[in-house]
Number of protein chains: 2
Amino acid sequence: MRIIETRKAPNPRRVRIFLTEKGIEMPFEGIDLMAGDLKTPEFTAINPMQRVPVLLLDDGTAIAETVAICRYFEELHPEPALFGRGAAGRANVEMWNRRVEQGLFAAVTHVFRHLNPKMAHLESPQVAAWGEANKPKVHWMLGLLDKVLARHHYIAGEEYSIADITALVAIDFMKPAHLEWREGHANVARWHDEVSGRPSAKA
Amino acid sequence: MRIIETRKAPNPRRVRIFLTEKGIEMPFEGIDLMAGDLKTPEFTAINPMQRVPVLLLDDGTAIAETVAICRYFEELHPEPALFGRGAAGRANVEMWNRRVEQGLFAAVTHVFRHLNPKMAHLESPQVAAWGEANKPKVHWMLGLLDKVLARHHYIAGEEYSIADITALVAIDFMKPAHLEWREGHANVARWHDEVSGRPSAKA
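Quick notes on the rules
Residues numbered from 1 in each chain as written. Chains lettered and ligands numbered in written order. Predicted model: local features only at pLDDT ≥ 70, side-chain atom pairs only at ≥ 80, totals over all residues. Heavy atoms only, no water. Least-squares fit on C-alpha atoms with pLDDT ≥ 70 in both. Contact = heavy atoms within 4.5 Å. Pairing = 2+ DSSP bridges. Helix = DSSP H or I, 4+ residues; strand = E, 2+ residues; numbered from the N terminus. Axes fitted to C-alpha atoms, helices over the stretch in contact; angles between N-to-C directions. Buried area = accessible area lost by both parts, 1.4 Å probe. Salt bridge = Lys/Arg side-chain N within 4 Å of Asp/Glu carboxyl O. Polar contact = N/O pair within 3.5 Å; in protein donor to acceptor, adjacent residues only side chain to side chain. Nonpolar A, V, L, I, M, F, W, Y, C, P; charged D, E, K, R; others polar.

A.B. asks: Any details on the relation of the copies chain B and chain A? Residues and values, ideally.
C.D. replies: Superposition of chain B onto chain A requires a rotation of 180° combined with a translation of 0.0 Å along the rotation axis, giving an RMSD of 0.0 Å. The transformation relating the two chain copies, once decomposed into turn and shift, fits a two-fold axis. Of every C-alpha in chain B, the one belonging to W130 of chain B sits nearest the axis of rotation, 3.2 Å from it. When you check the interface residues of chain B against chain A, 100% turn up at the interface there too, and the contact is symmetric in its surfaces.

Structure below.
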């Protein structure tokens, strides 16, 4: 098995943090998305969506999509559980992971891709007004997370989960997107300091 | 248990089709998103994201997000398996469901919400250029699915799965979004005729 990724992109970081939390070591193969490596015929045959990360199994099967890769490793190595415990617990983690993906991660990504001239080759056409429209969405979601983190230690409750990984990566991705977040979000700041201090955050 | 939904919205339809395939009967409670029911304090307390569907468990727990609800029922009623079988099989279904969600469902939704004046109260600001930018994304993804459906009976392989439900609902949602899809997509048409013929499609 090996994982094809791009070191600086946010989705591959989600997978690296997840694997580090699980204590799983994997070989990584880097490709350069700024050099057009996602659009080669070779990579397109592996992932027609032209995105990283991709997990390649030993039989040649390619598994793309960050959460599909993480869920595969959750099944192979159930502990520590990062997708929750029990049917209702797992549904709760899935709910929060998706809320963070759609409300925060996707919104930050839209700001970054539609307002950064260097992204023009990956996001065509860039729609600056759509980038701008996502800025208040990001701040609305941070406000919701701040309320949640006033009541719970982690985003989906009292246990660290994939929802925390998604939120950490999304919030750290705000820096290259030129978005500020600390002011007025003391509970998010408390949580961010803590999850950033876990060894996995450096993965 | 009961499900709060809006009959005409696409995500609640995904849950209804899923439950019908499983043979599960559930009470549904309808709310009117065009009348502002999603933004009331009562509904916001149930789902702060102000979206349907929401599953309410008997202990009062609210589970939002379509796929979280479906996965909860998959755990309670594993057969027929709609999330795949085995670790690699389940990762494959998750991958395809997410590809369809992001590449097709989200793109159709952006066309609908940003170009339909009636959606102005739910999508603010509407960015018409972003709606237009999603039209070629929809057609690119249909082209990919047409190649996939030339090789496989269903989207994630030879078994019907949640990825087929997501794609069916997304394609049927193209009609109110004023998007055409049949021309040049003979394999998608073959698949659409078949999955539309299942009793669940009327749910």
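From this point on, the discussion continues.
A.B. asks: Please provide a residue-by-residue account of the pairing of strand β1 (residues 2-5) of chain B, values included.
C.D. replies: All names here are of chain B. Sheet topology note: the β1/strand β3 (residues 54-56) ladder contains three bridges and is antiparallel. Bridged to R2 within β3 is L56. Of the strand pairs in this sheet, β1 and strand β2 (residues 28-30) are connected by three bridges, and their pairing is parallel. Residue pairing across strands places E5 opposite G30, the latter belonging to β2.

A.B. asks: Lay out the sheet that holds β3 of chain B with the relevant residues and their values.
C.D. replies: Residues and elements named next belong to chain B. Read across the sheet, four strands follow the order β2-β1-β3-β4 without closing on themselves; strand pairing throughout is mixed. The two strands at the open ends of the sheet, each matched to only one other strand, are β2 and β4 (62-64). For this sheet the average axis-to-axis angle between neighbouring strands, irrespective of direction, equals 25°. Along the sheet, helix α1 (residues 10-22) contacts β1 and β2; its crossing angle with β1, the most-contacted strand, is approximately 150°. Helix α3 (residues 66-76) rests against β1, β3 and β4 of the sheet, and its axis sits at about 120° to β4.

A.B. asks: Help me get a handle on the interface of chain B and chain A, residues and values and all.
C.D. replies: On the side of chain A, 40 residues touch chain B, which itself brings 40 residues to the contact. With both sides pooled, the region where chain B packs onto chain A buries about 3,300 Å², and carbon together with sulfur makes up 62% of that total. Three residues stand out in chain B for area buried against chain A, namely M49, R98 and R99 of chain B, and they jointly supply 18% of the buried area on that side. Counting across the chain B and chain A interface gives eight salt bridges. A salt bridge links R98 of chain A to E101 of chain B, with the shortest nitrogen-to-oxygen separation between them at 3.1 Å. Here chain B and chain A share twelve residue pairs in polar contact (both at pLDDT 80 or more) between them. Those elements that provide at least two residues to the side of chain B that touches chain A are β4, α3, α4 (86-115) and α5 (128-151) of chain B. Looking at side-chain class alone, the side of chain B that touches chain A contains 22 nonpolar, seven polar and eleven charged residues.

Geometry only, nothing functional implied.
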